[in-house]
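Each chain is listed here by its residues.
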Amino acid sequence: MNTFQGNLNIGSAERVAIIASRFNHLITDRLVEGAKDSFIRHGGDESKLDLVLVPGAYEIPFALNKILDKDKGKKYSGICCLGAVIRGATPHFDYVSAEATKGIANVALKYNACVSFGLLTTDTIEQAIERAGTKAGNKGFEAMNSLIELINLYKKF
Ligand code: INI
């Protein structure tokens, strides 16, 4: 059986972008730190890591679309999307989380791009804190790990 999978080494020549939303920035700042930590620990050159900030998670797919449209797959090896959607008293959460999730997937498929999904969708702020560098780890770190693995997997095809 031939098995294909990517490793977790990112070459120092690879350029990667993080798109992160500022909404709930107490949380998203920690996700960015986690993603940056993963990038550097796996061999990435910090000067090749770009951070693109958008107002909220709803805007992540639009920025992703714009960047990939301009980039044509030349500049970035991959893009890591980070955000935090936290349920409130109204149905707003459902619309924002659904559109951000669908939008990121649709744009990634449209451009056949390496994109990872580090969007927290939680019922409470406590759940978000747990996933942003405390009890449940750091989902930004995990999302960058997945991106690096995907970048290396794609090189095999
Ligand atoms: N954006 C988030 O990133 N997280 C949220 O929890 C959130 N809530 O709950 O409102 C949120 N809303 C803003 C939205 O993403 C857009 O920025 C806004 O609607 C303007 O387009």
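A brief structural summary.

Thresholds applied
- Residues numbered from 1 in each chain as written.
- Predicted model: local features only at pLDDT ≥ 70, side-chain atom pairs only at ≥ 80, totals over all residues.
- Heavy atoms only, no water.
- Disulfide = S-S within 2.5 Å.
- Buried < 20%, exposed > 50% of the residue type's maximum accessible area, 1.4 Å probe, protein only.
- Near = heavy atom within 4 Å.
- Polar contact = N/O pair within 3.5 Å; in protein donor to acceptor, adjacent residues only side chain to side chain.
- 1 Å grid on protein atoms, 1.4 Å probe; cavity = no way out; pocket = protein on both sides within 12 Å on 5 of 7 lines; lining within 4 Å.
- Sits in = over half its atoms within 2 Å of the grid points.
- Helix = DSSP H or I, 4+ residues; strand = E, 2+ residues; numbered from the N terminus.
- Nonpolar A, V, L, I, M, F, W, Y, C, P; charged D, E, K, R; others polar.
- Points joined across faces, edges and corners; volume = space filled by probe spheres on them.
- Core = buried A, V, L, I, M, F, W, Y, C linked by side-chain atoms within 4.5 Å.
- Contact = heavy atoms within 4.5 Å.

1. Here we look at the state of the cysteines
Here comes step 1: Applying the stated criterion to the full structure yields 0 disulfides.
Here comes step 2: Not engaged in a disulfide, the cysteine Cys81 finds its nearest cysteine sulfur in Cys80; these two sulfurs lie 6.9 Å apart.
Here comes step 3: Using a relative accessible area of 1% as the deciding quantity, one classes Cys81 as buried.
Here comes step 4: Cys80 supplies the cysteine sulfur nearest to Cys114, a cysteine that is in no disulfide, at a spacing of 12 Å.
Here comes step 5: Cys114 sits in the buried class, given a relative accessible area of 8%.

2. Remarks on the site of the ligand
Here comes step 1: Surveying the vicinity of the ligand reveals the residues Ser21, Phe23, Asn24, Gly56, Ala57, Tyr58, Glu59, Ala84, Val85, Ile86, His92 and Val96.
Here comes step 2: The contact in question runs from an oxygen atom of the ligand to an N or O atom on the side chain of Asn24, over 3.2 Å.
Here comes step 3: For the ligand, the cavity whose grid points lie within 2 Å of the majority of its atoms is the largest pocket.
Here comes step 4: For the shell around the ligand, the elements supplying multiple residues, two or more each, are strand 3 (78–86) and helix 3 (92–111).
Here comes step 5: The dominant element in the shell around the ligand, judged by the number of residues it contributes, is strand 3, at 3 residues.
Here comes step 6: Grouping the constituent residues of the shell around the ligand by class yields 7 nonpolar, 4 polar and 1 charged.

3. Quick look at the layout of surface pockets
Here comes step 1: Roughly 250 Å³ of volume is contained in the largest pocket.
Here comes step 2: Lining the largest pocket are 14 residues, and of these Phe23, Asn24, Val85, His92 and Val96 sit closest to its centre.
Here comes step 3: Every element with two or more residues in the lining of the largest pocket is listed here: strand 3 and helix 3.
Here comes step 4: Per-class residue counts for the lining of the largest pocket are 9 nonpolar, 5 polar and no charged.

4. A look at unusual backbone geometry
Here comes step 1: With a phi close to 60°, Asn24 is a non-glycine residue in the positive phi region.
Here comes step 2: With respect to the secondary-structure elements, Asn24 resides in the loop between strand 1 (16–21) and helix 1 (25–41).
Here comes step 3: A relative accessible area of 24% places Asn24 in the partly exposed class.
Here comes step 4: Backbone geometry places Asn112, a non-glycine residue, at a positive phi of 55°.
Here comes step 5: One can find Asn112 in the loop between helix 3 and strand 4 (115–122).
Here comes step 6: The exposed category is assigned to Asn112, whose relative accessible area is 62%.

5. Examining the nonpolar core
Here comes step 1: The biggest cluster of nonpolar side chains holds 23 residues, and the ones touching the most others in it are Val16, Ile18, Ile27, Cys80, Leu82, Met144 and Leu147.
Here comes step 2: With residues near it in sequence (within four places) discarded, Leu82 still touches Ile18, Ile19, Ala20, Ser21, Leu31, Val32, Ala35, Ile60, Gly118, Gly140 and Ala143.
Here comes step 3: Counting 22 residues, the second largest nonpolar core, distinct from the first, contains Val85, Phe93, Val107 and Val115.

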